[in-house]
Amino acid sequence: MCAAYSSRDPVAWELAYCVESGPGSVAALNDFFTRRGIKRPLIVTDPGFAKLDHLAKLKAQLAKVDIVCAQFDAVQANPSDADAHAAAQSYRDHDADAVIAIGGGSAMDGAKGAALIARQNRYSLWDFDYNGATPTDLTRDDFPPLITVPTTAGTGAEGDSTAMLIDTERGTKECVHHPLARPEKIILDPNFTLGLPASLTAWTGLDALTHALESYLVPMFHPLCDGAALQGLALIWGNIEESVENGTNLDARSSMLTGSFLAGVGFLKGLGLVHAISHMIGAACHTHHGMTNAILLPAIMRFNRSALEPKLPSIAHAMQLDDDRFETFHAAICSLLDRLDIPKGLSELGVPHEIVDDILVAVEGDPAYATNPVHCPREILAALIHEAIDAAR
């Protein structure tokens, strides 16, 4: 799958995906690494996934073609710039020649942050801040080959070069990226999602659902992203409950992985207030990103109703709703959240009202705030967050 897009700078970049999908598709890495001459990749993951058999099996598989993997497994649940720097140092210590990002969104973000700085020293990590000018004097060779292997169907992070990291000096979650640091190979192997607890399957799946909905509502003409978002929405909506209730169903797991990836393609357009708020609450309170998104979703969809209603026919069709009224859509979302045992308010995650004033400026500076389809003045933004802390549905 290939697509062209323009950054905010007057430079056009080409985004190319090379995707392998389906049970056992991770086997394609042997041939890929052999053809690329990669011999010493660094695996970047989180402490939880490092304990599973999947990692040992992958190393054994690659060892058959004389590929020696090193491992950095200290990426935290809400990754920071410190995680990216530590992983980059591990890359250099191993004299690595590629990065394999394995895990959920946190591991992906830590790995992608590391890939920005592991091979070049002209720019520091925050020189790649999404809100700043994109360095244009770098080439593809300034970044290591990046391979992504998602272990959750939710993040969508496997398909792009952006990474959300906590800036340890500012205390906020910010986005770094460079379009030339995009993944070269994406593995959507549902075997890597087996064993994911039902709760995490639900939370990450709802993150993907939010990606699909928010990206489709971004007011930009982009047929590729819109089509990907709608197809992703259909796959996620049709398979999330089966994946939660029957975690060994490989067909449902495959559909969720594909849907999550497509929703990730969709959010190349941008996202919205759900993510802008969730990023900063996660940075301040260390809440699970997917869970935070899920709680916020109904309140933000109500706020965005004027922009949502013209697009409801397509959304309702993807979700196979009985009609395209806002009330039907909103009730379906809330009912799904109830069935998946999502709390009604952020207070149940320990989020206090006292943080609202402290995070407003950071929320307004998040790129997703700028692409929300309805402008949200600060006083309304504060009211929305207070509402979500008490009860968003």
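Data block above holds the structure.
The written sequence of each chain sets the order in which its residues are numbered from 1. In view of the model being predicted, local features appear only for residues whose pLDDT reaches at least 70, and side-chain atom pairs are presented and counted only at 80 or more, with totals across whole chains, interfaces and linings using the full set of residues. To get the side-chain values, all heavy atoms of the structure are used, and hydrogens and water are removed first.

Q: In this structure, what is going on with the overall build of the protein chain? I would like to understand it.
A: Numbering of helices and strands runs from the N terminus; a helix is a DSSP stretch of H or I covering at least four residues, while a strand is a stretch of E covering at least two. What the protein chain contains, in helices and strands, is 16 helices and 10 strands. For 393 residues, the compact-globule formula gives about 21 Å, and the C-alpha radius of gyration of the protein chain, at 20 Å, lands near that figure. Overall size of the protein chain, expressed as C-alpha extent along the three principal axes, is 60 × 45 × 40 Å. The rule is simple: take the accessible area with a 1.4 Å probe, protein chains only, and divide by the maximum for that residue type; under 20% is buried, over 50% is exposed, in between is partly exposed. For the protein chain, the proportion of its 393 residues judged to be buried stands at 60%. We take the radius of gyration over the C-alpha atoms and set the globule estimate at 2.2 Å times the residue count to the 0.38 power.

Q: Is there a simple way to think about the pattern of salt bridges in this case?
A: A pair can form between side chains of opposite charge whenever their charged atoms are brought close. Every case where a carboxyl oxygen of Asp or Glu lies within 4 Å of a side-chain nitrogen of Lys or Arg is listed as a salt bridge. Counted by the stated rule, this structure contains 19 salt bridges. As a salt-bridge pair, glutamate 184 and arginine 36 come within 2.9 Å of each other at their nearest N and O atoms. Here arginine 36 lies in helix 1 (residues 28-36) and glutamate 184 lies in the loop between strand 9 (172-176) and strand 10 (185-188), a separation of 148 residues in the sequence. Using a relative accessible area of 21% as the deciding quantity, one classes glutamate 184 as partly exposed.

Q: What should I look at first to understand the pairing of strand 6 (residues 98-103) in this one?
A: Looking along a regular strand, one sees side chains alternate from face to face of the sheet. With respect to burial, strand 6 is a largely interior element, six of its six residues being buried. Neither face of strand 6 is exposed, since Ala98, Ile100 and Ile102 on one face and Val99, Ala101 and Gly103 on the opposite face are all buried. In this sheet, strand 6 lies alongside strand 4 (residues 41-44) in parallel orientation, the contact comprising four bridges. By the bridge assignment for strand 6, valine 44 is matched with alanine 101. With five bridges joining them, strand 6 and strand 7 (residues 146-150) adopt parallel strand pairing. Bridge pairing in strand 7 links valine 99 to leucine 146. Between the parallel pair strand 6 and strand 7, the chain is carried across by helix 5 (residues 105-117), and the sense of this crossover is right-handed. DSSP-based pairing: two strands are paired if at least 2 bridges between them are found. Assignment of crossover handedness uses the view with strands pointing away from the viewer, where a clockwise path from the first strand over the helix to the second indicates a right-handed crossover.

Q: I keep staring at the pairing of strand 4 and nothing clicks. Help me out?
A: Residues Pro41 and Ile43 line one face of strand 4 and the alternating positions Leu42 and Val44 line the opposite face, and both faces are buried. Bridge count between strand 4 and strand 5 (residues 70-72): three bridges; the pairing is parallel. Each residue of the ladder has a partner; that of isoleucine 43, found in strand 5, is glutamine 71.

Q: Quick question: what am I supposed to make of the sheet that holds strand 7 here?
A: Hydrogen bonds between backbone atoms are what pair the strands of a sheet, whose relative direction is either parallel or antiparallel. If you trace the six strands from one edge of the open sheet to the other, you get 3-10-7-6-4-5, paired in parallel fashion. Each of the sheet's edge strands pairs with one partner strand only, and the pair in question is strand 3 (19-21) and strand 5. Mean inter-strand twist for the sheet, computed between neighbouring axes without regard to direction, equals 20 degrees. Contacts are assigned to residue pairs that have any heavy atoms within 4.5 Å of one another. Axis lines are fitted through C-alpha atoms, for helices just across the contact stretch, and the angle between N-to-C directions can take any value from 0 to 180 degrees. Across the face of the sheet, helix 5 comes into contact with strand 4, strand 6 and strand 7 while running at roughly 165 degrees to strand 6.

Q: Looking at this structure, how should I read the packing of aromatic side chains?
A: Think of a pair of aromatic rings as described by two things: how far the centres are apart, and how the planes are tilted against each other in angle. Working definition: a ring pair exists when centres of Phe, Tyr or Trp rings (six-membered ring for Trp) sit within 6.5 Å. Plane angles under 30 degrees give stacked, over 60 give edge-to-face, the rest tilted. Taken as a whole and judged by the stated rule, the model has five aromatic pairs. Where phenylalanine 128 meets phenylalanine 143, the ring centres are 6.2 Å apart and the plane angle is 70 degrees; that geometry is what we call edge-to-face. Note that phenylalanine 128 is positioned in the loop between helix 5 and strand 7 and phenylalanine 143 in the loop between helix 5 and strand 7, a separation of 15 residues in sequence. Given a relative accessible area of 1%, phenylalanine 128 falls into the buried group. Judged by its relative accessible area of 1%, phenylalanine 143 falls in the buried class. An aromatic cluster is present here, built from Tyr123, Phe128 and Phe143 joined pairwise through their rings. Positioned above the aromatic ring of tryptophan 126, the side-chain terminus of arginine 170 is 5.3 Å from the ring centre. Definition used: whenever NZ (Lys) or CZ (Arg) falls within 6 Å of the ring centre and also within 35 degrees of the ring normal, the charge is taken to sit over that ring.

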